[in-house]
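Below are the chains, spelled out letter by letter.
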Amino acid sequence: MSHIEHKKALITGGASGIGKIMGRMLLEKGLGTLVIWDINETMLLQTVEEFKALGYTVKYAVVDVIRTEAMLEAANQLTKEMGGIDILINNAGIVVGKFFNDHTHDEIDRTMMINCSALMHITKALLPGMIAAREGHIVNIASAAGMVSNPKMSVYAASKWAVIGWSDSLRLEMETLQSNVKVTTVTPYYINTGMFDGVKSRVIPIVHPEVAARKIISGIEKNKLFVRMPGIVYLLPLIKGILPVRWFDKIVGKWMGIYTTMKDFKGRK
């Protein structure tokens, strides 16, 4: 098991949504030091004050993960001040929610950078310290969208497919090196944080953020390779492997309504 008590954790996108909730839960479990990165300074300061009111001291920095050099500088500064991180939760992410042909080139680049490339750069910066210490846990927040194609999610899905492939390959590499660095890949269905406002799901329930955060923290403690939610998401690889593509489109996409979930997508304003 990965122990949380007295450890040091960094959460990107930690000022709101499940990032904020996971931070609170880690502190409640005795985390020694929590570091929050977020691009939204106002929400970041509000979250720090909320945690302070609960009796917790939190370190924070305004970091735009799309600016690689500035992000690496923040990571290096963090390493100098704290001697590294024990738990890294790569949580920052965005969604555009348009048909591919309606995306701008900037929206494509930002989505791939924030949702995928930034995770690799942050991990690359902090991983050597974990390997040297022979302990650490990297948690990569992907999505069930990285397992199922979906209209209005082409670029988002591409970014999350990439995260899943990289994250689980990283796990295998860390095991091959016998580094004792654990890697958990998280593939949730829609989470009700505001990021996917307007989404409608007929069959599969949208996940409550408290439930999502609790499952992820439990996954860290139990060194789970994958955390999927709700439970039906665990069946997706099997269903995709068994059904022909057109049958999958009909059963999962049309009958279960997955392919129309983003029809009225509005997103966070």
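Residues numbered from 1 in each chain as written. Predicted model: local features only at pLDDT ≥ 70, side-chain atom pairs only at ≥ 80, totals over all residues. Heavy atoms only, no water.

What exactly am I supposed to notice about the overall build of the chain here?
Each helix and strand counted, the chain has eight helices and seven strands in total. Relative to its length of 269 residues, the chain is compact, with a C-alpha radius of gyration of 18 Å against a globular reference of 18 Å. With respect to the principal axes defined by its C-alpha atoms, the chain has extents near 55 × 40 × 35 Å. Counting across all 269 residues of the chain, residues that qualify as buried make up 49%. Residue pairs at least 24 apart in sequence account for 72% of intrachain contacts in the chain once pairs closer than 6 positions are excluded. About 13,200 Å² of surface is accessible on the chain, with carbon and sulfur atoms providing 56% of the total. Where the 32 positive side-chain charges of the chain centre and where its 24 negative ones centre are 8 Å apart. (Helix = DSSP H or I, 4+ residues; strand = E, 2+ residues; numbered from the N terminus. Rg over C-alpha atoms; globule rule 2.2 N^0.38 Å. Buried < 20%, exposed > 50% of the residue type's maximum accessible area, 1.4 Å probe, protein only. Contact = heavy atoms within 4.5 Å. Areas by Shrake-Rupley, 256 points an atom, 1.4 Å probe, with all protein chains shown as cover. Lys, Arg positive; Asp, Glu negative; His and termini not counted. Charge placed at Lys NZ, Arg CZ, Asp CG, Glu CD.)

Please clarify how the environment of Asn-76 should be interpreted in this entry.
Counting through the fold element by element, Asn-76 comes out in helix α3 (residues 68-82). For the pair Asn-76 and Leu-225, spaced 149 residues apart in sequence, the C-alpha separation works out to 28 Å.

Whenever I open this one, the packing of aromatic side chains confuses me. Can you help?
A ring pair, where both rings are aromatic, is described by two values, the distance of the centres and the angle of the planes. Applying the stated criterion across every chain yields a total of four aromatic pairs. Taking the centre distance of 5.1 Å and the plane angle of 65 degrees together, the rings of Tyr-190 and Phe-196 count as edge-to-face. Neither Tyr-190 nor Phe-196 differs from the other in exposure class; each is buried. Clustering of aromatic rings is evident, with ring pairs tying together Tyr-156, Tyr-189, Tyr-190, Phe-196 and Phe-265. Above the face of the Phe-226 ring, Arg-228 is positioned so that its terminal group lies 4.3 Å from the ring centre. In this structure, Lys-240 packs its charged tip against the face of Phe-248, placed 5.9 Å from the ring centre. (Phe/Tyr/Trp six-rings, centres within 6.5 Å; stacked < 30°, edge-to-face > 60°. Lys NZ or Arg CZ within 6 Å of the ring centre and 35° of its normal.)

What am I meant to see in the nonpolar core here?
As a rule of thumb, nonpolar side chains are buried together in soluble globular proteins. By size, the foremost hydrophobic cluster in this structure holds 81 residues, and its most contacted members are Trp-37, Ile-89 and Phe-196. Sort the elements by how many residues they give to this core and helix α4 (residues 105-133) lands first, with eight residues. Once you skip the residues sitting within four places of it in the chain, Phe-196 turns out to touch Val-95, Met-153, Tyr-156, Tyr-190, Met-262 and Phe-265. (Core = buried A, V, L, I, M, F, W, Y, C linked by side-chain atoms within 4.5 Å.)

Hey, could you run me through the pattern of salt bridges in this one?
Oppositely charged side chains may form a pair once their charged atoms are brought near each other. According to the stated counting rule, one finds 10 salt bridges in the structure shown. Notably, a salt bridge pairs Glu-28 with Arg-24, separated by 3.2 Å at the nearest N-O pair. One end of the pair, Glu-28, and the other, Arg-24, are both in helix α1 (residues 17-28), four residues apart, so they sit about a helical turn from each other. The partner of Glu-175 in a salt bridge is Arg-171, and the shortest N-O contact between them spans 3.1 Å. A residue pair is termed a helical-turn pair when its members lie 3 or 4 positions apart in one helix, as Glu-175 and Arg-171 do in helix α5 (residues 154-176) at four residues. What you see here is one network of salt bridges that share partners, running through Arg-24, Glu-28 and Glu-210. (Salt bridge = Lys/Arg side-chain N within 4 Å of Asp/Glu carboxyl O.)

So what exactly am I meant to see when it comes to the pairing of strand β3 (residues 58-62) here?
Within a regular strand, the side chains alternate between the two sheet faces. Pairing analysis gives five bridges linking strand β2 (residues 33-38) to β3, with the strands arranged parallel. When the bridges of β3 are listed, Leu-34 appears paired with Val-58. Handedness of the crossover is the feature at issue here: the chain leaves β2, passes through helix α2 (residues 41-53), returns alongside β3, and the resulting connection is right-handed. (Pairing = 2+ DSSP bridges. Right-handed = clockwise from strand over helix to strand, strands pointing away.)

Sorry, what's going on with the sheet that holds strand β5 (residues 136-141) here?
Through backbone hydrogen bonds, the strands of a sheet pair up, either in parallel or in antiparallel fashion. With parallel pairing, the seven strands of this open sheet are ordered in space as β3-β2-β1-β4-β5-β6-β7. Both outer strands of the open sheet, β3 and β7 (226-229), are each paired with one neighbouring strand and no more. Across the sheet, the mean angle from the axis of one strand to that of its neighbour is 15 degrees, orientation sign disregarded. Across the sheet, α4 touches β1 (8-12), β2, β4 (87-90), β5 and β6 (181-188), and the angle it forms with β4 is around 170 degrees. Most of the contacts of helix α6 (residues 209-221) go to β7, to which it runs at about 160 degrees, and overall it touches β4, β5, β6 and β7. (Axes fitted to C-alpha atoms, helices over the stretch in contact; angles between N-to-C directions.)

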